[in-house]
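Structure at a glance
Residue-level listing of the chains:
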Amino acid sequence: MSTDVRDRNGSAWLIPNDGTRTNHRLRRDMRRFDDTDEIDLVIVGCGAGGSVLLQRLARAGWRVAALDAGPFWDPDTDWFSDEAASHHLYWTEPRVITGTDPVPLGSNNSGRGVGGSMVHYAGYTPRFHPSDFATFSQDGVGADWPLSYGDLRPYYTAIEEELPVAGEHWPWGDPHGYPHRPHPVGGNGEVFLRGARKLGITAKVGPVAIPNGRFGNRPHCIYRGFCLQGCKVNAKASPLISHIPDALAHGGEVRADAMVTRVAVDERTGRATGVHYVRGGRERFQRARMVAVAGYSIETPRLLLNSSSSRFPDGLCNDFDQVGRYLMVQGAPQTAGRFDDEVRMYKAPPPEVSSEHFYETDRAQPYRRGFSIQNVSPLPITWAEHVAAQGHWGRALRDYMTDYVHWCCLGALCEFLPQAGNRITLDEETDRHGLPVARFSYSQCDNDTQLLHAAQRVMEDILHAAGADEVITIQRFAHLVGGARMAADERHGVVDGTCRSFAVPNLYITDGSVLPTQGSANPALTIMAVAARAAGLLQAGARGGPS
Ligand SMILES: Cc1cc2nc3c(=O)[nH]c(=O)nc-3n(C[C@H](O)[C@H](O)[C@H](O)COP(=O)(O)OP(=O)(O)OC[C@H]3O[C@@H](n4cnc5c(N)ncnc54)[C@H](O)[C@@H]3O)c2cc1C
Ligand code: SF4
């Protein structure tokens, strides 16, 4: 592997250097395959997992196209540094939620369009810990992965260079450094560092996928806090700018506004033959020698279940009733504290400082696994939701809103455990294409609830130690993963450790669906690393052409 990131991924140098943010020539001259071409690989979804796969295999000379249901964003014209004007970034097609603890879906879960959910993700990019890959062996909960941390380590390093990631030396998990030095912190980060220091809790600056300085033609962050609205500056990494330009330059195709409705399988051979999709109101079919699904933890299982046939009457790859199961979400309470001095939490990227002090199982506690704590910086609309959730309305809500500049906010990510009953099935309701929508059932177990309480206590302690005179907490969820997990065999999962499905030899899944556990780290970096590894293995296995 080349040590110069530009030799491996030239995306940052393919973005214009003239004040605009999109290389229109690259998009206009992009290679376009015909539906009747039998291409080497068609990828469903152009987000964290799909884009990395596309870029790697385009570079390897594969004839590869990625279809995405959403638009091919142009940051100049499509994105706004305005909280209210950013809702079009989210996947807001209908989904049904149920269970004892139903998870609200919408703005905080998944995106739609080229770049996927990372277009509006916050930008934290921590690695998983080695223990995350063997929670069942080590702690008796969760599941063991069919691969180890060591298998992913080189891909973590490669993706951290390509995004690139900025942060302090990381002392937790497998201790490691980052390619860019940490950013200066704003008021929110200072409060977190001050409170943590007083309590003897280690907290560090980073890791964020925002270069500290220029990177290629990408400009420096301007610290105005709109990361969750799609960074119009092009400072925050998402695949739209970190992997797609290089994929196009190497002959990959991105086909936007193309909703895949079904994966086709030859009943005789049992092999995938391509995908049915709708584009411009027309039903079409892209032939391919291999198919990879990377549509996010809800849409990937939904697509498999919607692709039933006489060979797979209960859904594609669902012979052992594994599709849609073990879907996970992190408990993500946010605790805000008020300070007499102004904090102005919006004047910095929302991702600043984090702590993995409580990440691992503490045998002295009644629960297993742990949580991380990070700065979050809700903008005014989200802040109003935070305050209204406490029951404040009318005059009281107004008072809290005018006091906004005095508040600091921390968020926890609690490692909720994978459970077979937390799953996607198909609902009777259909979408505008006539396809059954996903029904997502979610219930917490005792361990999950205990983690939530513990994380809230620690966040309140940190804010009080920093000098807060009032603290308020809102309960939320974040980061769905799982639903088509990898496992050692087909009775326990949908794909093997290379992301190849057990049931269909030329069908791969390369998104967050394949994660068997989630740690208390944000998942995007791990999803990209898993996809990069799958791409590397595909290339190596192909030896002169995909099979
Ligand atoms: C508000 C928010 C903040 C977040 N913050 C962080 C963070 O700080 N750090 C972090 O690591 N993670 C964060 N995440 C999560 C992270 O963005 C996701 O975990 C990650 O992007 C998931 O990758 P994926 O490849 O599974 O799916 P995605 O990146 O969501 O990509 C899936 C793509 O598939 C497309 N698609 C779906 N179905 C179809 C279909 N049938 N046909 C065609 N296309 C289809 C979608 O349009 C989408 O573009 C955040 C997410 C949100 C919503
Ligand atoms: S704070 Fe920096 S990374 Fe975030 S949106 Fe603004 S310029 Fe982009």
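Residues numbered from 1 in each chain as written. Chains lettered and ligands numbered in written order. Predicted model: local features only at pLDDT ≥ 70, side-chain atom pairs only at ≥ 80, totals over all residues. Heavy atoms only, no water.

1. Section: the overall build of the protein
What counts, and what does not: Strands here mean DSSP runs of E at least two residues long; helices mean DSSP runs of H or I at least four residues long; both are numbered from the N terminus. Radius of gyration: over C-alpha atoms. The globule rule applied is 2.2 Å multiplied by the number of residues raised to the 0.38 power. Buried residues are those whose accessible area, probed at 1.4 Å on protein chains only, stays under 20% of the maximum for their type, while exposed residues exceed 50% and partly exposed ones sit between those limits. Should any heavy atoms of two residues lie within 4.5 Å, those residues are counted as being in contact. Neither His nor the chain ends is counted toward charge; the positive residues are Lys and Arg and the negative residues Asp and Glu. For the purpose of locating charges, the reference atoms are NZ of Lys, CZ of Arg, CG of Asp and CD of Glu.
Tallying secondary structure elements over the protein gives 15 helices and 19 strands in all. The globule rule puts the C-alpha radius of gyration for 547 residues at 24 Å, and the 22 Å found for the protein is close to it. Across its three principal directions, the C-alpha atoms of the protein cover 70 × 55 × 45 Å. A burial count over the protein gives 61% of its 547 residues as buried. For the protein, the proportion of contacts with a sequence separation of at least 24, taken over those separated by at least 6, is 75%. Counting 55 positive and 62 negative side-chain charges, the protein places the averaged centre of each group 5 Å from the other.

2. Re the sheet that holds strand β3 (residues 96-98)
Here is the rule we go by: Only strands joined by at least two bridges in the DSSP assignment are considered to pair. Structural elements are reduced to axes, namely lines fitted to C-alpha atoms, with helices fitted over the stretch in contact, and the angle between N-to-C directions of any two is expressed from 0 to 180 degrees.
Spatial strand order, β3-β16-β15: 3 strands in an open sheet with mixed pairing. Every other strand in the sheet has two partners, leaving β3 and β15 (423-430) as the edge strands with one partner each. Each strand axis lies, on average, 30° off the axis of its neighbour in the sheet, ignoring direction. One ladder, built from 5 bridges, connects β15 with strand β16 (residues 436-441); its direction is antiparallel.

3. Overview of the side chain of threonine 473
Selection criterion: Whenever a nitrogen or oxygen atom comes within 3.5 Å of another N or O atom, the pair is scored as a polar contact, on the condition that within protein one atom can donate a hydrogen and the other can accept it, and that pairs from neighbouring residues in sequence are kept only if both atoms are in side chains.
Relative to the assigned elements, threonine 473 resides in strand β17 (residues 470-474). There is a polar contact of 2.8 Å between the side chain of threonine 473 and the side chain of threonine 335. With residues up to four places along the chain from it excluded, the contact list for threonine 473 reads Pro333, Gln334, Thr335, His386, Gln390, Gln456 and Glu460.

4. Thoughts on the nonpolar core
Note the following rule: The term nonpolar core refers to a set of buried residues drawn from Ala, Val, Leu, Ile, Met, Phe, Trp, Tyr and Cys, joined through side-chain atoms within 4.5 Å.
By size, the foremost hydrophobic cluster in this structure holds 147 residues, and its most contacted members are Leu41, Ile43, Val254, Val263, Leu316, Phe371 and Leu507. Top contributing element to this core by residue count: helix α15 (residues 524-542), with 11 residues. Filtering out sequence-adjacent residues up to four positions away, valine 263 remains in contact with Ala272, Gly274, Val275, Val291, Val293, Leu303, Ser307, Leu316 and Leu507. By size, the runner-up hydrophobic cluster in this structure holds 9 residues, among which are Tyr124, Ala166, Ile210 and Val233.

5. Focus on the packing of helix α4 (residues 48-59) against helix α7 (residues 149-162)
Each pair of packed helices can be summarised by the angle the axes make with each other and by the distance between the axes. To be explicit about the condition: Each angle is binned into one of four classes, with values under 35 degrees roughly parallel, values over 145 roughly antiparallel, values of 65 to 115 roughly perpendicular, and all other values oblique. Only Asp, Glu, Lys and Arg are considered charged, only Ala, Val, Leu, Ile, Met, Phe, Trp, Tyr, Cys and Pro nonpolar, and every remaining residue, Gly among them, polar.
Packing of α4 against α7 brings their axes to within 14 Å, and their N-to-C directions diverge by 95°. When the axes of α4 and α7 are compared, the pair comes out roughly perpendicular. Contacts from Val52, Gln55 and Arg56 in α4 reach Ala158, Ile159 and Glu162 in α7. Per-class residue counts for the contact of α4 with α7 are 3 nonpolar, 1 polar and 2 charged.

6. Overview of the packing of aromatic side chains
We describe a pair of aromatic rings using the distance from one ring centre to the other and the angle between the two ring planes. Filter applied, for reference: Working definition: rings of Phe, Tyr and Trp (its six-membered ring) pair if their centres are within 6.5 Å, and the pair is stacked with planes under 30 degrees apart, edge-to-face with planes over 60 apart, and tilted otherwise.
Counted according to the given criterion, the structure contains 15 aromatic pairs. Between phenylalanine 128 and tryptophan 145 the ring centres are 6.2 Å apart and the planes differ by 85°, which places this aromatic pair in the edge-to-face class. Taken as a pair, phenylalanine 128 in the loop between β3 and α6 (135-139) and tryptophan 145 in the loop between α6 and α7 lie far apart in primary sequence, 17 residues in all. Judged by relative accessible area, phenylalanine 128 falls into the buried class, the value being 1%.

7. Regarding the sheet that holds strand β2 (residues 64-67)
One open sheet holds the 5 strands; their spatial order is β5-β2-β1-β9-β19, and the pairing between them is parallel. Both edges of this open sheet fall to β5 (253-255) and β19 (507-509), since each of them pairs with a single strand only. Across the sheet, the axes of successive neighbouring strands diverge by a mean angle of 20°, strand direction being ignored. By the bridge criterion, 3 bridges tie strand β1 (residues 41-44) to strand β9 (residues 291-293) in an arrangement that is parallel. If you follow valine 42 over to β9, its bridge partner there is valine 291. Contacting β1, β9 and β19, helix α11 (residues 299-306) crosses the sheet at an angle of about 155° to β19.

8. Quick look at the site of ligand 1
Formally: Proximity is defined per residue: if any heavy atom of the residue lies within 4 Å of a molecule or strand, that residue is considered near it. Computed with the Shrake-Rupley method and a 1.4 Å probe, the accessible areas treat only the protein chains shown as cover for residues.
Close contacts around ligand 1 come from 40 residues, with Asp68, Gly113, Ser117, Tyr124 and Ala524 the closest. A distance of 3.0 Å separates an oxygen atom of ligand 1 from a polar backbone atom of glycine 49. The fraction of the free accessible surface of ligand 1 (1,000 Å²) that becomes covered by protein chains is 98%. The set of elements that each furnish at least two residues to the shell around ligand 1 consists of α4, β6 (259-265) and α15. Classifying every residue of the shell around ligand 1 gives 19 nonpolar, 17 polar and 4 charged.

9. Here we look at the packing of helix α8 (residues 187-199) against helix α14 (residues 446-465)
Across the interface, α8 lies against α14 with an axial gap of 7 Å and an inter-helix angle of 100°. Considering their axes alone, α8 and α14 lie roughly perpendicular with respect to each other. Every residue of α14 that contacts α8 at Val191, Phe192, Gly195, Ala196, Lys198 and Leu199 is listed here: Asp461, Ile462, Leu463 and Ala465. The residue makeup of the contact of α8 with α14, split by class, is 7 nonpolar, 1 polar and 2 charged.

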